[in-house]
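# Topology and contacts: notes
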Amino acid sequence: MNLTNFRFETDADGIAVATWDMPGRSMNVITPEVMGELDQIIDAVVADEAIKGCVITSGKESFSGGADLTMLQGLRDLYVKLAKEKGEQVALQSFFDESRKLSLLYRKLETCGKPFAAAIHGVCLGGAFELSLACQYRVVSDDASTRVGLPEIKVGLFPGAGGTQRVSRLMQTGDALQMMFKGEQVKSLPARNSGLVHAVAPRADIVQNARDWLKANPQATQPWDQKGFKLPSNKVHSPAGMQIWPPANAIYRRETNDNYPAARAILSAVYEGLQLPIDLALKVESRYFAKILRTKEAASMIRSLFVSMQELNKGARRPTDVPPSKLKKVGVVGAGFMGAGIAYVTALAGLEVVLIDRDVEAAEKGKAYSHKLVSDQIMKGRAKTADRDALLARIKATADYADLKGCDLIVEAVFEDPKVKAEVIAQVEAAVGPKTIFGSNTSTLPITGLAETSLRPKNFIGIHFFSPVEKMLLVEVIMAKKTGKKALAMALDYVRAIKKTPIVVNDTRGFYANRCVGNYLREGHLMLMEGVPPAMIEAAGKQAGMPVGPLSLNDEVAIDLALRIVKATKAQLGPGAIDPAQEKLLTEMVETNGRLGRKNRKGFYDYPESGPKRLWPGLADIVGGRLAPELVDMEELKQRLLVTQALEAAKTYEEGVVTDPREADVGSIIGFGFAPYSGGTLSYIDNMGAAAFVKLCEKLAKRHGERFKPNRLLKRMAKTGESFYGAAEKKAAA
Ligand code: NAD
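Once a new chain begins, its residue numbering starts again from 1 and follows that chain's sequence as written. Under the rules for a predicted model, residues below a pLDDT of 70 receive no local features and side-chain atom pairs below 80 are neither given nor counted, while totals for whole chains, interfaces and linings still include all residues. Computation of side-chain values covers all heavy atoms of the structure but excludes hydrogens and water.

### A word on the sheet that holds strand S2 (residues 15–20)
- Here the rule is simple: two strands pair whenever DSSP picks up at least two bridges between them. Segments assigned H or I by DSSP are reported as helices when at least four residues long, segments assigned E as strands when at least two residues long, and all are numbered from the N terminus. Reading across from one edge, S1-S2-S4-S6-S8-S11 is the order of the six strands in this open sheet, with mixed pairing throughout. Here the strands that pair on one side only, and so sit at the sheet edges, are strand S1 (6–10) and strand S11 (199–201). Each strand of the sheet is rotated relative to its neighbour by a mean of 20 degrees, with strand direction disregarded.
- Contacts are residue-level and defined by heavy atoms, with any inter-residue pair within 4.5 Å sufficient. The angle between two axes is taken between their N-to-C directions and runs from 0 to 180 degrees, where each axis is a line fitted to C-alpha atoms and a helix contributes only its stretch in contact. Against the sheet, helix H8 (residues 206–216) engages S2, strand S4 (53–58), strand S6 (116–120), strand S8 (137–141) and S11, with an angle of about 160 degrees to S8.

Here it is as structure tokens:
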């Protein structure tokens, strides 16, 4: 055998062990080479009479993260090329054959006549878990890091190497569907209890455990290859089956609004596959897989949520000529809502934190937030008391700026008031050395303006978090006019250290994310003022693929904040810069009715002490008339809600605020949940085509006003047929 990614040894009892350990990689992934070597291993196990069975395990800290998604991207590219050169039919056949190879390989493994066992420690996901599902036996380590699962749905795909068929033959259908819909990662004990794996053992014993099982079960076959096999939830067309499928359809609709072809494919593949013998069922799955892999949703999600996100996390925007920062100590000034969260994520990353507020009590209150967050983790079994002690020991709560001495980086999160910020900047700069970088978490004040009060504008940068800090993955890093590359490098090193994803943007009012999401809120407000029933506005937001409707979202971020921003924009840019209907609505809500949002339990919704939130009936009085629901065009509402954000993203791109389509897309999905199936704001336009998008904008502008008018860049793109990614690739190649 010619193996580079596996070691292969056979013991005296005739049990072979294939240890997957790819050279030069920290994690095993399935590549064409790995597939070729697995094929050789199966052949060798079958050919050698002395071998009774084979254990597959990993030589790394984890089993494997699954298939190399760039390999799948490559398959798609090959299809496009073949279709051009040899026609659709040839391309489709080749695509089907190629995309089926892994599934056939796994089927070969499980029917080769000798048993295989997977010994799993760490994560075992996607295609790698499908490999272990094809093994007759699976043992997992009892370690907290061990997890199995099929997360393909998160990048617009579904398990296409037998996962949908094997999982639904091992577990209750409802559980199997849920696990795949959610892309759940299942820990060792629940995995064993639900039938996904057979045994749990200490890490050091998993290989021996698998060996022993193979020795005792040399004739083992998969349950579905045995005569009389019964499905865990009985037949699809049976009274039991009928308890499952109608609700499964409804849950699918509720969770996806039919925006995710991959989720629908899971439902179809399981429904159809469970009515067939396994080989045919696997073929059905393969047909769906080939179809899904060619969808624009899968292509866009793989690009944004896997490839681009990885590139940004690895520092795609980091200046290469600045050596890595030796980041040890971070000062967080302002221990309020945001500062407290920033202190927590920083300490969680193992960095020392000095947390400052106006007095020690306020600083301690901010630190107490970390106590609460780790305690919640302890309750959930995800952390130990010792972790809490260690984390809290890394946070020094103080009111003394002198404690900031020695900090490599400061993150400022005091009141959103330029005067207060200027005082804090002066106090910090008096306490720290000339090399310390200063990052402001302001959400509305241009960084260049704040940097004017700084003695060291080269060291001054924006580091904009989203709330709640501990949950939100995005951080916007904002370059002011004079920000230097060392400040940028430090900010990006910090964002990487706290395991968040950065996008680098140039300075402007609202930066990138808040400009787009602000438009989403405004469109919701304007719809309300037009008389669209609020429940329809909210439903349109969700059906378009946003995580929550615009009114709910405004309740979360606070209605008084929205009003403050509208007023500030009016004061600085004049009355033409705002929409009077929006100002009227927000003023009535906040100033006349005291409705501030979820924070005072009174917003567009009422938040009763018990029970779910309900739309506030008083909205009708503010709005006046209400349109009859049957006169409202739901499709158009959905378009308006997405187009207004995508158009704003295109404007930020034209203005040079965002300079890389990957950042616009990734930022929009992880920053404000822009319809993930689209791949992000600019992919939404690229997928529709600039010409069609411009046409849609013009139609909406005619019906709803100037705000939908396409910008010059889009009009040019519509003429030339250019796309955002096409242009960016050309630029990179030049
Ligand atoms: P907050 O009012 O909860 O906290 C501000 C804290 O700063 C308070 O604890 C206050 O005591 C402290 N402070 C005020 N003056 C100070 C001084 N001179 N020295 C030390 N501490 C001082 O406000 P927040 O919501 O945490 O917002 C803080 C910053 O973060 C603002 O610039 C805001 O625009 C920005 N931001 C907020 C959000 C959000 O969702 N709330 C999101 C992103 C960015």
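### Section: the sheet that holds strand S7 (residues 123–125)
- With respect to topology, three strands assemble into an open sheet ordered S7-S9-S10, the strand pairing being mixed. Both edges of this open sheet fall to S7 and strand S10 (185–187), since each of them pairs with a single strand only. Across this sheet, the average inter-strand angle for adjacent strands is 20 degrees, counted without regard to direction.
- Of the pairings in the sheet, the one linking S7 to strand S9 (residues 147–149) comprises three bridges and is parallel in character.

### With respect to the domain arrangement of the protein
- Parsing the protein into structural domains produces domain 1 (6–294), domain 2 (329–508) and domain 3 (513–540 + 547–632).
- A domain assignment, automatic or from a database, supplies the domain bounds used here. Put simply, the middle of domain 2 and the middle of domain 3, counted by C-alpha atoms, are 31 Å apart.
- The interface is formed by six residues belonging to domain 2 together with four residues belonging to domain 3.
- Throughout, buried area stands for the accessible area (probe radius 1.4 Å) lost by two parts on being put together, summed over both. Across the domain 2/domain 3 interface, buried area totals approximately 340 Å², and carbon plus sulfur atoms make up 55% of it.
- For domain 2, the biggest contributors to the area lost against domain 3 are Thr-444, Glu-476 and Thr-508; these three give 58% of the whole.
- Two N or O atoms count as a polar contact when they lie within 3.5 Å, although within protein this holds only if one can serve as hydrogen donor and the other as acceptor, and sequence-adjacent residues are included solely when both atoms are side-chain atoms. The interface formed by domain 2 and domain 3 contains two residue pairs in polar contact (both at pLDDT 80 or more).
- When residue character is reported, Ala, Val, Leu, Ile, Met, Phe, Trp, Tyr, Cys and Pro are called nonpolar, Asp, Glu, Lys and Arg charged, and the others, Gly included, polar. Of the residues that constitute the side of domain 2 that touches domain 3, the class distribution is one nonpolar, four polar and one charged.

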